Amino acid sequence: MQMQDDAPLGRLEDLPADDVQAMRARNLVPLWPSLRAVLPPQVPTRPTQAVHWAYGDIRPLLMRAGDLTPIEKAERRVLVLANPGHTLEKMQASSAIYLGMQLLLPGEWAPSHRHTPNAVRMVVEGEGAWTTVDGEKCPMSRGDLILTPTGLWHEHGHDGAAPVVWLDVLDLPLVHYLEASYHLNGERQKQRPGRGDRAHTRAGLVPTPVFGGDGPGRRRYPVLRYPWVEARAALQSLAEDRPEQEAVQLTYVNPETGEDAENILGFHALMLRPGQTLRLPPRSPASVFHLIEGEVEAAIDAPQPRRFALAEADTCVAPGFSAVTLRNARTDAPAFVFIADESPLHRKLGLLEQRD
């Protein structure tokens, strides 16, 4: 006899109070009253809500924070993009993704530290700032993606004349849940010559030692800065090589191994042609959409369907197992979207799923 997925199970109230108390006294809990909550039928329980954070709302509050809190009192001056489905106190955008808008003012230096969560920085506005990662100085321009992987020293400085803002994306909720999240402070780094983004400028071509030579040892993260000017040009070249009805997407990877740029979260750049509509099927990982250029309308078929009009630098999140429709609202120019998702984690756990 096959049991129905939604067949009612026994409730905790059905058990004698003395039995329940005896179980609790021995740190025991009956499973069946909570079984449907932890193993629901068909679709997982998803506290993550579809949420939209408008940069036009964030920026004034972030600049005000710059007036109120010097960098010495903040270390990292950030406004966290918190998902109410997880409660604002947990400071997470999804079950595994943390988002924050960080501000660095001219002349400031955010001191060197390293931590167990992986992080990336997607530059939102401004020029003249830089991030030093593992001794490599990475200039920061709008749309650039900069990695600060787990365990690598990193610091931020600003030699320009106007504020610089970037979007932080970390796997902090997962690492915190695993009770493995911590940081260490360090001394200011000595910057070394060379930049990975200059050494890896063409797809399919990887720097190697001259035949017979040893050359430098291979680094786990050969590229720490992915310039937007290169990613944008690659998307446009790909679009010219594909049928007009196709959207085009690139994934940020380690150019020497082809693996994801970092090991927990995935990062992608998407181009929508003028007026194009793209429907993304339901997938198990949650996804973050950050608009670099253009105007995009996002419809998210979450547990509570939502529609958002994204302006430049706006960000939204879609829960896992939610269909997402993206439409370029402009008919005269393409739109460019940065996407962060939990797909590498789901792939490693054998949980990655896509539904029709």
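Notes on the structure in this doc start here. (Residues numbered from 1 in each chain as written. Predicted model: local features only at pLDDT ≥ 70, side-chain atom pairs only at ≥ 80, totals over all residues. Heavy atoms only, no water.)

### Some points on the layout of surface pockets
Space inside the largest pocket adds up to approximately 1,100 Å³. Around the largest pocket, the lining is made up of 39 residues, and of these T45, P47, H86, S95 and A96 lie nearest the centre. Those elements that place two or more of their residues in the lining of the largest pocket are α2 (35–38), α5 (172–177) and α8 (343–349). Here the lining of the largest pocket takes 5 residues from α5, the largest share from any one element. Here the lining of the largest pocket is composed, by residue class, of 22 nonpolar, 11 polar and 6 charged. Looking at the second largest pocket, its volume works out to about 660 Å³. Surrounding the second largest pocket, 23 residues form its lining, H200, R202, A203, Y226 and A234 being those nearest its centre. Counting residues per element, the ones that place at least two in the lining of the second largest pocket are β12 (225–226), α7 (228–240) and β13 (248–251). At 4 residues, the largest contribution of residues to the lining of the second largest pocket is made by α7. Classifying every residue of the lining of the second largest pocket gives 14 nonpolar, 5 polar and 4 charged. (1 Å grid on protein atoms, 1.4 Å probe; cavity = no way out; pocket = protein on both sides within 12 Å on 5 of 7 lines; lining within 4 Å. Points joined across faces, edges and corners; volume = space filled by probe spheres on them. Helix = DSSP H or I, 4+ residues; strand = E, 2+ residues; numbered from the N terminus. Nonpolar A, V, L, I, M, F, W, Y, C, P; charged D, E, K, R; others polar.)

### What to know about the side chain of T131
Here T131 is to be found in strand β6 (residues 129–133). At 2.8 Å, the side chain of T131 forms a polar contact with the side chain of H156. (Polar contact = N/O pair within 3.5 Å; in protein donor to acceptor, adjacent residues only side chain to side chain.)

### Things to note about a nonpolar patch on the surface
Taken together, the side chains of L31, W32, V38 and L39 present a nonpolar region at the surface, about 430 Å² in accessible area. By the element assignment, V38 lies in helix α2. Residue V38 is classed as exposed on the basis of its relative accessible area of 57%. (Patch = residues over 30% accessible without salt bridge, like charges linked within 9 Å, V, L, I, M, F, W, Y side chains within 5 Å. Areas by Shrake-Rupley, 256 points an atom, 1.4 Å probe, with all protein chains shown as cover. Salt bridge = Lys/Arg side-chain N within 4 Å of Asp/Glu carboxyl O. Buried < 20%, exposed > 50% of the residue type's maximum accessible area, 1.4 Å probe, protein only.)

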